[in-house]
Amino acid sequence: MARSVAAAVFRRVAASSKQSSSSTTLSQWTTSACDVAGEEAGNLSPLLRRWITKSAFRKEAAGSTQTLPKGFGPKKSGGLKPQKYGKELKAAPISIPTPSIRPPKVCRGVMKVRPPVVTVMGHVDHGKTSLLDALRETSLAAKEAGGITQHLGAFEVSMKSGASLTFLDTPGHAAFSEMRARGAAVTDIVVLVVAADDGVMPQTREAMKHALSAKVPIVVAINKCDKPEANPEKVRQQLAAEGLELEDIGGVVQVVEISATKKMGLDQLEEALLLQAEIMELQASAEEDVHAVVVEARIDRGQGPLATAIVREGTLTPGQFIVVGAQWGRIRALRNMLGRQIPSAGPSIPVEIDGLKGVPEAGDEVVVVANEEQARKLSEERFLVMEAGRLERLSRQNSDSDSDSLETEEEKSEKKEMVVLVKADVQGTAQAVSQALEGLSSAQVAVNIVHAGVGPVSQSDVALAEACGACVVGFNVRAMAGAVDAAAKRAKIKVCQHRIIYHLLEDIGNMIVGMAPGTKETRVAGQAEILSVFEIKGKGRECRGATKIAGCKVVEGKLTRDSRVRVMRSGEVLFEGPCASLRREKDDVETAIKGTECGLVLKDWVDFQVGDVIQCIEDVRRMPKFVSSQSGAVRIEC
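A. How the structure looks around the pattern of salt bridges. Evaluation of the coordinates by the stated rule reveals 20 salt bridges. The residue aspartate 354 makes a salt bridge to arginine 332 at a minimum N-O spacing of 2.7 Å. With aspartate 354 in strand E13 (residues 350-356) and arginine 332 in strand E12 (residues 327-335), this residue pair connects regions lying 22 residues apart in the sequence. Among the salt bridges present, the one from arginine 561 reaches glutamate 590, with a minimum N-O distance of 2.6 Å. Linking arginine 561 in the loop between strand E20 (547-560) and strand E21 (564-569) with glutamate 590 in the loop between strand E23 (587-588) and strand E24 (591-593), this pair joins segments that are 29 residues apart in sequence. We classify arginine 561 as partly exposed; its relative accessible area is 26%. Through salt bridges that share partners, Arg564, Arg566, Glu576 and Asp619 make up one connected network.

Structure below.
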């Protein structure tokens, strides 16, 4: 409602402004909104009411004496009470969230409107990258391994209306939770993509949680509405059940039905994003101190370390000395997302920074300093702080493991460790893969990541793996050089290279299952019933008494002479011990299978009775299993 009315208001006021030489008055905005909506102002969407109220405040600040029509301004108690989804909702006071990274309170430059940073989030294979492809008119999704996004990408898109938006594309697989959280932390608006034929899924809920925790407004895009099995109404009900206040039921969350492949509803999505940005009044100064955030980092074969950052305040220019996390450098070149060099990057512009001495961590902030000496000093100080924190965490983990008294000495001796060295194409992916592999740790096998870096597998990686007995995991990196491959084979180092995350997790999971010691268990291998009892009194047996033989019939499984035997009567265990003799007719046998009759003699037990049950007990080891869910989550089940 708010989206369509606002778009119509924009068009109507623009048309009236062309016909009249006078400036647009507040009455034109408010009258147009009520006329287009075709109802009382109090029944309009809270989002549209908020937008018109903010417009009025700006007019009054400029000296206008116009007043708002009845129904605008702060919402009084009572509110809307729709019954569309089976429950009554009350309109809450409207509070438009601000971005998690706020601009400085004191601004030395002129504040100008900046483009919003929009993060596209949602479940895997719900069409996030396809939506961006439709907006950019590209075909990136078809080039991705497995058809799923596996790193965080930033793009600047020029819309049909002439407006510019910065988009962040986040992975939807369960292994990339940290990347989704990072994308929500640097954004202004979150586009939550939900497939109309699939509905709300685990990563959809996780994306909602990240957006709400970062206090970022959400715009819902229900994708794949062109499919015959699409059910947008069901998706709305699921989102409402998750606590999302949709516009259709009096809330502030806009919902747009789209089809990325058919390019349906993209204009409406653009209107919704621009309306939300208009309400938030996003502003920044290009003259402020630089404030930028790294969203990805990687090593290029020809250019060295590269960092993709989004500028929040100020302007980045070549020649500046910067410190990013514990890394520093002098900006050699700035490139846009098309790989073309640009002279500068202002607020909300995604840019690739060339000139760093090392690869920073995803999420690090970019700080501009005066000269090289300050950059070196600040970088060294940060490195010492990070190293001290790492050693403290390692010491805490060791103390926790030493104080763990729940495991027996036998369990501790049997627990194994899988040492892994991770190499990936970008820093954020290396972090995500490391966390996903550590999540495969179980009570029997602990996964220890000794190193996570960026770039192809090198000679030094093979040497480190050989020194600590690690296997090497290369994710989305180019093939090893011939010399490196030969060195890995000589050292008998296991190297796993993959381009799709769930193939990697499945491969490593199977390796963990293969090296796990298993859990000791006892199981019933066979069961027999005593049909008669025989007693033998022979020469030389007076001192030991008579020997009793249990005449049995095997009713399940098999009896084995070398196994332990359990005697049960009325469900109670009377004896458990070794078997002394197992015969069929007059021959000693090793086993007696189901349906055969046999004679059984036990050591230290002669009190047999007809009807007793004989169970053959075997010691086995139950091996863990690699389990993957439909949502993409994986685990080792012991």
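B. Examining the environment of leucine 135 more closely. Along the chain, the position of leucine 135 falls in helix H4 (residues 128-136). With 128 residues separating them along the chain, leucine 135 and lysine 263 place their C-alpha atoms 8.4 Å apart. Once residues lying within four places of it in the same chain are set aside, the contact partners of leucine 135 are Val157, Met159, Phe167 and Leu266.

C. View of the packing of aromatic side chains. Counted according to the given criterion, the structure contains one aromatic pair. Consider the rings of phenylalanine 575 and tryptophan 605, whose centres lie 5.6 Å apart with planes at 15 degrees: the pair is stacked. One end of the pair, phenylalanine 575, is in strand E22 (residues 572-584); the other, tryptophan 605, is in the loop between strand E25 (597-602) and strand E26 (613-622), with 30 residues separating them in the sequence. The exposure classification of phenylalanine 575 matches that of tryptophan 605, with both residues buried. One cation-aromatic arrangement involves lysine 357 over tryptophan 328; the distance from NZ or CZ to the ring centre is 5.3 Å.

D. Representation of unusual backbone geometry. Phi is positive for lysine 263, close to 55 degrees, though the residue is something other than glycine. With respect to the element layout, lysine 263 can be found in the loop between strand E7 (254-257) and helix H8 (266-280). Here serine 570, not a glycine, exhibits a phi torsion of approximately 55 degrees, which is positive. Examined against the element boundaries, serine 570 turns out to sit in the loop between E21 and E22. Residue class for serine 570 comes out exposed when judged on its relative accessible area of 82%.

E. Local environment of helix H7 (residues 232-241). By the burial criterion, the buried members of H7 are Pro232, Val235, Arg236, Leu239 and Ala240. When H7 is viewed along its axis, its buried side chains cluster within an angular range of 135 degrees and face the same direction. Where the residues of H7 are buried, they touch strand E5 (189-195), helix H6 (202-213), strand E6 (218-223) and E7.

F. Summary view of the sheet that holds strand E14 (residues 365-369). Taken together, the six strands give a closed barrel; going around it, the order is E9-E10-E13-E12-E11-E14, and neighbouring strands pair in antiparallel fashion. Recorded for the sheet is a direction-independent mean angle of 50 degrees between the axes of neighbouring strands. Judged from the four bridges that link them, E12 and E13 form a sheet pairing that is antiparallel. Counterpart to arginine 335 in the pairing with E13 is glutamate 352.

Calculation rules
Residues numbered from 1 in each chain as written. Predicted model: local features only at pLDDT ≥ 70, side-chain atom pairs only at ≥ 80, totals over all residues. Heavy atoms only, no water. Salt bridge = Lys/Arg side-chain N within 4 Å of Asp/Glu carboxyl O. Helix = DSSP H or I, 4+ residues; strand = E, 2+ residues; numbered from the N terminus. Buried < 20%, exposed > 50% of the residue type's maximum accessible area, 1.4 Å probe, protein only. Contact = heavy atoms within 4.5 Å. Phe/Tyr/Trp six-rings, centres within 6.5 Å; stacked < 30°, edge-to-face > 60°. Lys NZ or Arg CZ within 6 Å of the ring centre and 35° of its normal. Arc of directions from axis to C-beta. Pairing = 2+ DSSP bridges. Axes fitted to C-alpha atoms, helices over the stretch in contact; angles between N-to-C directions.

The analysis is restricted to geometry; functional conclusions fall outside its scope.
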